[in-house]
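# Examining the three-dimensional arrangement
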Amino acid sequence: MNVIVCVKQIPDPASPGELDPSSNTLKRDGKLILDESDGYGVEMALQLVDTAGGGEVSIISMAPNGEVSGMRTALAMGAVKGVLVSDPELAGSDALTTAKVLAAAVKKIGDADLVLAGTESSDGYTGTVPEQMAEVLGLPSVTFAKTVTIDGETLKVERQTEAGYDEVTCPLPAVVSVTAGVVEPRYPSFKGIMAAKSKPVDTVTAADLGITPVGWAGARQEIVDVAQAPEREAGEIIEDDGETFTKIVQYLDGLKVI
Amino acid sequence: MRFAFDEDQRLFADALRKMLAEQCTASQVRAVWDDGVGHDPALWARLAEMGVIGMLLPETDGGLGGSMVDAVLLFRELGRAIVPGPVIESMAIAGPVLAGSKWAAGIASGELVATAELDGTGHVPHASVAHVVLTPEGLLDLAGAEIDDAGGIDGGRRLGIVRGGGLVDHDGRSTADAVDLDAARDRAAVATAAYLIGASEAMIDMAGEYARQRHQFGKPIGSFQAVKHLLADALLKVEFAKAPTYRAAWSVATGAADVARDVSMAKALANEAAHATSRAAMQVHGAIGYTWEADLQLWMKKVWALERAYGTTSWHRRRVSSAVLSS
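A brief report on the enclosed structure follows.

About the thresholds
Residues numbered from 1 in each chain as written. Chains lettered and ligands numbered in written order. Predicted model: local features only at pLDDT ≥ 70, side-chain atom pairs only at ≥ 80, totals over all residues. Heavy atoms only, no water. Helix = DSSP H or I, 4+ residues; strand = E, 2+ residues; numbered from the N terminus. Expected span 1.5 Å × (residues − 1). Buried < 20%, exposed > 50% of the residue type's maximum accessible area, 1.4 Å probe, protein only. Polar contact = N/O pair within 3.5 Å; in protein donor to acceptor, adjacent residues only side chain to side chain. Core = buried A, V, L, I, M, F, W, Y, C linked by side-chain atoms within 4.5 Å. Domains from an automatic or database assignment. Contact = heavy atoms within 4.5 Å. Buried area = accessible area lost by both parts, 1.4 Å probe. Salt bridge = Lys/Arg side-chain N within 4 Å of Asp/Glu carboxyl O. Nonpolar A, V, L, I, M, F, W, Y, C, P; charged D, E, K, R; others polar.

### Thoughts on helix 8 (residues 181-213) of chain B
Residue and element names in this part refer to chain B. Between the first and last C-alpha of helix 8 there are 48 Å, a value that for 33 residues agrees with the 48 Å anticipated at 1.5 Å per step. Counting buried positions over the 33 residues of helix 8 gives 25, a clear majority of the element. Two to three positions downstream of the cap, the backbone nitrogen of Asp182 sits 3.1 Å from a side-chain oxygen, assigning the N-cap of helix 8 to Asp180.

### What to know about helix 4 (residues 68-80) of chain B
All names here are of chain B. With 13 residues, helix 4 extends 18 Å between its outermost C-alpha atoms, agreeing within 8% with the 18 Å of an ideal straight helix rising 1.5 Å per residue. Burial within helix 4 is extensive, with 13 of its 13 residues counted as buried. A side-chain oxygen of the first residue of helix 4 lies 3.1 Å from the backbone nitrogen of Val69; this N-cap is Ser67. Backbone geometry just downstream of helix 4 places Ile82 in the positive-phi region, at approximately 35 degrees.

### Quick word on the nonpolar core
Among the nonpolar cores identified, the biggest contains 145 residues, and A:Leu114, A:Leu155, B:Leu20, B:Leu47, B:Phe75, B:Leu78 and B:Val87 are the most heavily contacted of them. For this core, the element with the highest residue contribution is helix 8 of chain B, accounting for 18 residues. A domain split of this core shows at least three residues from each of domain 1 (7-178) and domain 2 (181-325) of chain B. In contact with B:Leu78, other than residues within four places in its own chain, are B:Leu16, B:Leu20, B:Leu47, B:Val52, B:Val83, B:Val87, B:Met91 and B:Tyr195. Counting residues in each nonpolar core, the second largest holds 29 residues, with A:Val101, A:Ala112, A:Leu137 and A:Ile211 among its members.

### Overview of the interface of chain A and chain B
On the side of chain B, 18 residues touch chain A, which itself brings 9 residues to the contact. Across the interface of chain A and chain B, roughly 1,200 Å² is buried in total on both sides, 64% from carbon and sulfur atoms. The interface formed by chain A and chain B holds 2 salt bridges in total. Note that B:Arg46 and A:Glu184 form a salt bridge whose closest N and O atoms lie 3.2 Å from each other. The tally of links from chain A across to chain B stands at 5 residue pairs in polar contact (both at pLDDT 80 or more). Its residues assigned to classes, the side of chain A that touches chain B shows 5 nonpolar, 1 polar and 3 charged.

### A closer look at the side chain of B:Arg158
Residue and element names in this part refer to chain B. Looking at where Arg158 falls in the secondary structure, it is placed in the loop between strand 5 (146-151) and strand 6 (159-163). Residue classification places Arg158 among the buried residues on the basis of a relative accessible area of 17%. At a separation of 3.3 Å, a polar atom in the side chain of Arg158 contacts the main-chain carbonyl oxygen of Gly36. A distance of 2.9 Å separates the side chain of Arg158 from the side chain of Asp149, its partner in a polar contact. Residue contacts for Arg158: discarding those within four places in its chain leaves Gly36, Val37, Gly38, Val124, Pro125, His126, Ala127, Asp149 and Gly151.

### Comments concerning the pattern of salt bridges
Residue and element names in this part refer to chain B. With the rule as written, the count across this model stands at 31 salt bridges over all chains. Arg185 is paired through a salt bridge with Asp182; the nearest N and O atoms lie 2.9 Å apart. With Arg185 and Asp182 both in helix 8, this residue pair falls 3 residues apart, about one helical turn. For Asp186, the salt bridge identified is with Arg319, shortest N-O distance 2.9 Å. In this pair, Asp186 sits in helix 8 while Arg319 sits in helix 12 (residues 313-326), placing the two residues 133 residues apart along the sequence. Residue classification places Asp186 among the buried residues on the basis of a relative accessible area of 8%. Residue class for Arg319 comes out buried when judged on its relative accessible area of 18%. The structure contains a network of salt bridges with shared partners spanning Arg17, Arg76, Glu77, Arg80, Glu201, Glu239 and Lys242.

Written as structure tokens, this is what we have:
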């Protein structure tokens, strides 16, 4: 079974993120690392291939400046090859363009039984790319997967909901987005890190994949304003006079949780 | 010649640091100290699986065939997280001494935990968690041995007095006759110096974090010059100890003629830096630093134990002196 995992390479969350004032987009000019939420997708893919007893895990990514540091982490974990779409023209791309580019990268690798992605990335996100990519590819889409099992040609997913989970089945191939924390991503071994350096990563542009227009030109959205997130308001302190529970009940009732 | 760590060496250290940040937190170290054993088998298995334990073992033994230059940054990361258990003894002493023997593959895979006691003190570090202990006489198989816990200030490096156990020699020779024990001690001293540097960096981070949070006279105490100077002086000592430690690792790896001088310079400076840092970090913390609940105490005790292991500051200073004056 062959699995393709979409991975995003993001600025290190340990250092504070910065916006480019000219475009109001996140600065991504430094070293990028593998988005933690995509580590789950990579791990799940490796486990599915292990269980199937054959096949391979490939990764695709879209990042500026030919950046592959984050992809190397996924390759060190056990993925065998990757396609990186890196192109200055892609700056300013919206979610749909990103989905089209990633879908084209999936087709470039080809022969995928399953495409996995994180539910959403950690730096800048809409949470819609996996579903849009499925539509572009004409494949079924399952979101918020907390477990994924393969039974012959059928995919079985436990899909996280607010109340619990739904059991979903769908035919393969399919695009599945996985929630964070579903599996424990393995730590790359030193041998894996060394091997990752010689694994092939094919770097292509949007034009190579036949996707135009892209970037600001292809975006159907624009960033008109950026505002500071409001500061958290101080909580309300209630002195206990023996009847406090009624106020707690009123408060919870106001939140519609009881 | 380029004297800098290569990309692999930095990537290995980064990967280890990330793993330890998640799998060897202060509360996990505290739990290992509290249980009275001083070893975390699950963490040991992870270290072995990653390739840390076998870094200095040849590939034919399941190791990575690395040199002390490849390992020195790993020891620094192990020290930053004050990883409990015989990492220095397994990686720097027993592993390389037993390379090619029937024990080596087990050490690399993490299934055989080895420790070492080369000075005949009778107090074996990590005795109760190890399967074998390398002594000057030979390799002591601890199965069936009686071990009296002799405690020690460092809960992640408990000492034990061993009685009995089967001694395995090196084809009819003692360890002291079969291998260069001074070279083994030098590897241990460099490893310990790097470990102390990592532990010191963690203490400076802890004290810096505390100085940003703790307010006095309406300001964070870190804004006061006297507090800043304490930490800056400590950091200076740690930075000054780094280059000699990396140099010592290179001298060990290449068998340089001045290896004794370089190793002793490194250990003496790392000892002093770690000792000064522990005092500065305690001073910045104030009374809370003395409490059992403050994590700082774990790092301080680790440093106090290790600055006496594999040569005290004065012993190494004398060795530097005789190496320099005799040349």
